[in-house]
Amino acid sequence: MLGLLGLDPLAQAVYSAMLADPTVGVRELTARLGQDEAQIRETLDRLVELALLRPSRERSGLYPVSLVAGMQLLVRRQEEELAAGRDAVAAGRAAAADREPAERLIGLDSVQAELEQLLAGATVEVLSMVPGNAVPSASLEAARTTDDDAARRVRSRVLYHASVRQDPNTVAYGRWLAERGTEIRVSPAVTRRLLIVDNRTAVIPIEPNEPGAGALCVREPGLIDQLTALFELVWTDAVPLGAPTPEETASQLSAMERALLRLLADGLTDDAAGKRLGVSARTVRRIMSDLMDRLGAESRFEAGVEAARRGWL
């Protein structure tokens, strides 16, 4: 376990020996571990640097921290090193972004390598648009590790074309991503491939209908803003994977509900609408209350606007 946390075999042996006997000295460690004195002293210095050994307050020499405390220190140190590494990558990419507003990536391998680097360095959010009626299984498997890592670290949102709901493999992959925290929606408006990382870098195909031609990696703030606005526009009207589309929901309306929506949209009162439909005003209010819940509306006006937006009228 200590080896996994960064301790070499000799450091593990010295630390373990001192845990067993805090009074053991350099000479005894040298004889017991079969190492020369210089190596033992160098290892002791390393353990002091890691805070696994500290000066004793009771005697001259060092004493070891407990194994549990030592493991916590090593874990914290590795976390700090990882964070520093990610910060360095992010800084490097930001510096590169300042120098290169756009970069052409020729070939699928070049595109895949860039995508992996971008996702590994993501710190805020990843936005993806994936067109087509199915994603090839090989592409899904190739992206699994990278997608899993990104979903666990940052907010991740993916838009698929609505037709992928007919492809079991893509649906299963979408659900797998959703289990890891990725937000998945579908929309018929997803007709172009797009990836945006941290609202700072976007990857778009050079030829929309020829993925093998490569991609363009852009970092121009004005263009990134426009692409993000496009994503958000499609996202607003998209529906969660597995949920019915507005058209499907509208088809589930009863004839009474559809007729009532139209009458109220024409300006009729509850009493007048009820008389047209042969029901009481109380029934009209009950039906409208249910429709407002389904539309997520807090007022009848808002319900009318939302119903029209969804194509229910």
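Whatever comes next refers back to the structure up there.
Keep in mind it's a predicted model, so treat the numbers as computed, not measured.

Caption draft 1: Region of interest: the overall build of the protein chain. From N to C terminus, the protein chain includes 13 helices and 10 strands. Looking at the protein chain as a whole, 38% of its 313 residues are labelled buried. Residue pairs at least 24 apart in sequence account for 66% of intrachain contacts in the protein chain once pairs closer than 6 positions are excluded. Carbon together with sulfur atoms contributes 52% to the accessible area of the protein chain, which is approximately 17,800 Å² in total.

Caption draft 2: Highlighting unusual backbone geometry. At D198, a residue that is not glycine, the phi angle is positive and equals roughly 60°. Topologically, D198 is positioned in the loop between β7 (194-197) and β8 (201-205). Positive phi is not limited to glycine here, since N199 has a value of about 55°. Note on placement: N199 falls in the loop between β7 and β8.

Caption draft 3: Spatial organisation of helix α11 (residues 270-277). The set of residues buried in α11 consists of D270, A273 and G274. Down the axis of α11, the sector holding all buried residues measures 100°, keeping them to one side. For α11, the exposed residues lying more than 90 degrees away from the buried face are K275 and R276. One or two positions beyond α11, positive phi appears at G278, with a value near 80°.

Thresholds, definitions, all that
- Residues numbered from 1 in each chain as written.
- Predicted model: local features only at pLDDT ≥ 70, side-chain atom pairs only at ≥ 80, totals over all residues.
- Heavy atoms only, no water.
- Helix = DSSP H or I, 4+ residues; strand = E, 2+ residues; numbered from the N terminus.
- Buried < 20%, exposed > 50% of the residue type's maximum accessible area, 1.4 Å probe, protein only.
- Contact = heavy atoms within 4.5 Å.
- Areas by Shrake-Rupley, 256 points an atom, 1.4 Å probe, with all protein chains shown as cover.
- Arc of directions from axis to C-beta.

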